[in-house]
Amino acid sequence: AESKTPKQRLLGWIQHKVPDLPITNFSQDWRNGKALGALVDSCAPGTPVIAPEEIIDPSVDEQSVMTYLSQFPKSKLKPGAPLKPKLNPKKARAYGPGIEPTGNRVLRPAVFTVDTFSAGNGQVMVYLDHPDGTREEVTVLFAGQEIPKSPFEVNVDKALGDASKVTVKGPGIEPVGNIANKPTYFDIYTAGAGTGDVTAMIRDPQGRQNSVEVMMEDKGDSMYRCTYRPMQAGPHTITVTFGGVGVPKSPFGVDVGPGLRMKQIGDFKVDTRNAGRGIEEPVKQISSQDGVFSYEYCPKSPGKYTVSITWGGQHIPKRNAKLQICHFFHLDSSFPFSLINSPFDVVVGPEAGPQQIRAWGPGLEGGIVGKPAAFVVESIGTDVGVLGFAIEGPSQAKIECEDKNDGSCDVRYWPTEAGEYAVHVTCDEEDIEHSPFMAQIVHDDNTSHSEKVRETESS
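Report on the accompanying structure. Just so we're clear, the structure is a prediction, and the values are computed from it rather than from any experiment.

### Some thoughts on the sheet that holds strand E9 (residues 184–189)
Within a sheet, neighbouring strands are paired by backbone hydrogen bonds and run either parallel or antiparallel to one another.
1) Next: A sheet is described by the order of its strands in space; here four strands give the open sequence E8-E9-E12-E11, paired in antiparallel fashion. Both edges of this open sheet fall to strand E8 (167–169) and strand E11 (214–220), since each of them pairs with a single strand only. Pairwise comparison of adjacent strand axes, ignoring direction, gives a mean angle of 25° for this sheet.
2) Next: Where E8 meets E9, three bridges bridge the pair, whose relative direction is antiparallel. Of the residues in E9, the one forming a bridge with Lys169 is Asp187.

### A look at the packing of helix H1 (residues 6–17) against helix H2 (residues 34–43)
1) Next: Across the interface, H1 lies against H2 with an axial gap of 9 Å and an inter-helix angle of 75°. The angle between H1 and H2 places the two elements in the roughly perpendicular class. Along its contact with H1, which presents Trp13, Ile14 and Lys17, the element H2 presents Leu39, Ser42 and Cys43.
2) Next: Looking at the contact of H1 with H2 residue by residue, the classes come out as four nonpolar, one polar and one charged.

### Section: a negative patch on the surface
1) Next: Together, Asp383, Asp428, Glu429 and Glu430 make up a negatively charged patch on the protein surface.
2) Next: Its location among the elements puts Glu429 in the loop between strand E30 (419–427) and strand E31 (430–431).

### Concerning the packing of H1 against helix H4 (residues 62–69)
1) Next: Two elements in contact, H1 and H4, have axes whose closest approach is 11 Å; the angle formed by their N-to-C orientations is 60°. One way to sum up the angle between H1 and H4 is to call them oblique. Read as a crossing pair, H1 and H4 show a hand that is left-handed. On H4, the residues touching Lys7, Leu10 and Ile14 of H1 are Glu62, Met66 and Leu69.
2) Next: When the residues that make up the contact of H1 with H4 are grouped by side-chain class, the tally is four nonpolar, no polar and two charged.

### Observations concerning the pattern of salt bridges
Pairs may arise between side chains of opposite charge once their charged atoms sit close together.
1) Next: Tallying each qualifying case throughout the model produces 13 salt bridges.
2) Next: Linking Lys219 and Glu217 is a salt bridge whose minimum nitrogen-to-oxygen distance equals 3.6 Å.
3) Next: With a relative accessible area of 40%, Lys219 lands in the partly exposed category.
4) Next: Its salt-bridge partner being Lys398, residue Glu400 comes within 3.8 Å of it at the nearest N-O pair.
5) Next: Judged by relative accessible area, Glu400 falls into the partly exposed class, the value being 31%.
6) Next: One salt-bridge network, in which partners are shared between bridges, spans Lys398, Glu400 and Arg412.

### Quick notes on the sheet that holds strand E26 (residues 373–379)
1) Next: Read from one edge to the other, the open sheet built from four strands follows the order E24-E26-E29-E28, with strand pairing classed as antiparallel. The sheet is open, and its two edges are formed by strand E24 (357–360) and strand E28 (398–403), each paired on a single side. Strand-to-strand twist in this sheet, taken as the mean axis angle between neighbours without regard to direction, amounts to 20°.
2) Next: Here E24 pairs with E26 via four bridges, running antiparallel. From the neighbouring strand, Trp360 faces E26, where its bridge partner is Val376.

### Quick look at a nonpolar patch on the surface
1) Next: A surface patch of nonpolar side chains, amounting to about 450 Å² of accessible area, comprises Val283, Phe293, Tyr295 and Trp311.
2) Next: Secondary-structure assignment places Trp311 in strand E19 (residues 310–311).
3) Next: The exposure class assigned to Trp311 is exposed, which follows from its relative accessible area of 64%.

### Regarding unusual backbone geometry
1) Next: The omega torsion across Ser150 and Pro151 is 0°, close enough to zero to call that bond cis.
2) Next: Note that Pro151 resides in the loop between strand E6 (145–146) and strand E7 (152–157).
3) Next: Residue Pro251 is bonded to the preceding Ser250 through a cis peptide linkage, with omega at 5°.
4) Next: Within the secondary structure layout, Pro251 lies in the loop between strand E14 (245–246) and strand E15 (252–256).
5) Next: Here Lys249, not a glycine, exhibits a phi torsion of approximately 75°, which is positive.
6) Next: Along the polypeptide, Lys249 turns up in the loop between E14 and E15.
7) Next: Phi at Asp428 is positive, roughly 55°, even though this residue is not glycine.
8) Next: The exposure class of Asp428 is partly exposed, given its relative accessible area of 46%.

### Quick notes on the side chain of Asp187
1) Next: Among the structural elements, Asp187 can be located in strand E9.
2) Next: Engagement of the side chain of Asp187 in a polar contact is seen with the side chain of Arg225, the distance being 2.8 Å.

Procedures and definitions
- Residues numbered from 1 in each chain as written.
- Predicted model: local features only at pLDDT ≥ 70, side-chain atom pairs only at ≥ 80, totals over all residues.
- Heavy atoms only, no water.
- Pairing = 2+ DSSP bridges.
- Helix = DSSP H or I, 4+ residues; strand = E, 2+ residues; numbered from the N terminus.
- Axes fitted to C-alpha atoms, helices over the stretch in contact; angles between N-to-C directions.
- Parallel < 35°, antiparallel > 145°, perpendicular 65-115°, else oblique.
- Contact = heavy atoms within 4.5 Å.
- Nonpolar A, V, L, I, M, F, W, Y, C, P; charged D, E, K, R; others polar.
- Patch = residues over 30% accessible without salt bridge, like charges linked within 9 Å, V, L, I, M, F, W, Y side chains within 5 Å.
- Areas by Shrake-Rupley, 256 points an atom, 1.4 Å probe, with all protein chains shown as cover.
- Salt bridge = Lys/Arg side-chain N within 4 Å of Asp/Glu carboxyl O.
- Lys, Arg positive; Asp, Glu negative; His and termini not counted.
- Charge placed at Lys NZ, Arg CZ, Asp CG, Glu CD.
- Left-handed = near helix turned anticlockwise from the far one by under 90°.
- Buried < 20%, exposed > 50% of the residue type's maximum accessible area, 1.4 Å probe, protein only.
- Polar contact = N/O pair within 3.5 Å; in protein donor to acceptor, adjacent residues only side chain to side chain.

Dropping the structure here:
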């Protein structure tokens, strides 16, 4: 052990006895009398000490103070010495924002401190009571007795949501495409944003707020649908707030068109000056079986493409279409997947470079309703990025990921309905090569036992 001087040992003993006071010397720290009183109180509560005027005298030297204090480590209390009570709950106090009348909110920690330094050694107990939905009563006991000012009445405000985590999608907020006297809508997604009131306000071309009727519907799963019918053509402004705060990209500018009536000439202009080349890419049908048609196309340059699919002259919804593309693509995130109809906006990125992630396993090709579909994701390089997984299909599917701590992870998802599912494996929010993987989920016919299948990978 490191050897210490007698001065250091005495100072260390005093610091141990009086941990709540910053004592680092035998001169300046003793001149206000607090350190000496706390030391005596720690050794024998209530024992008279040296006269205050003696130890606070600026002329007293350090050696004299040390000589006096060196008697304390081996001192013993004399029989019959007057002692003050060891417990005094009236000298305990509580302070901090957690017991303030205002400023506390639901789902946010309320912190406060109970100081019993001068009250002696005793147990602290705290009780909470809920007189109503917006108020708390905080009762603080020391040694079985309430401390001064207890119970504390605390008003609790509603939790503030994070408007920056709210997203708005749908045709009703698109700059163009909406027409007068025709209902349109948009969806507001609040998952992960906390608690807050959702509002939507629409101003017509004259700046009036109440001329357009707005209907807000809670669809569940933290999603709200706002439906409105613009009554006149012209620029409209849609303001969406969450918890009283505007959401990202709000307000939205929507230019409502006049629409068209019978025996009226419908005219429009197409401005292609800034639209690029506008070349059509060839599409090839690769299979047709039992009414299911598969096509493929290979875009030759990155950019935004429009894929139009019709059946009987009518554009079809996305859930009836299967697209296979040679390069990475993703659907425009301005629409939720389940609401997109043809034509589809597809963003094609640059040609995929060396891949840092690869995925394989039966769950990328198919599975059985109600049973886990499993696959493996493995990192090839050292600097991989952030992995992500998403399942798109006829039903929501719970996803579990188990890190194997060897650069790979086992992924399982549980589909609850039969049909075709798109399994997205992403790195830094971009699909890896071949993602999304199309998996066909079927009903259990009790003839397969996937749990008995063991997968091996060839080199």
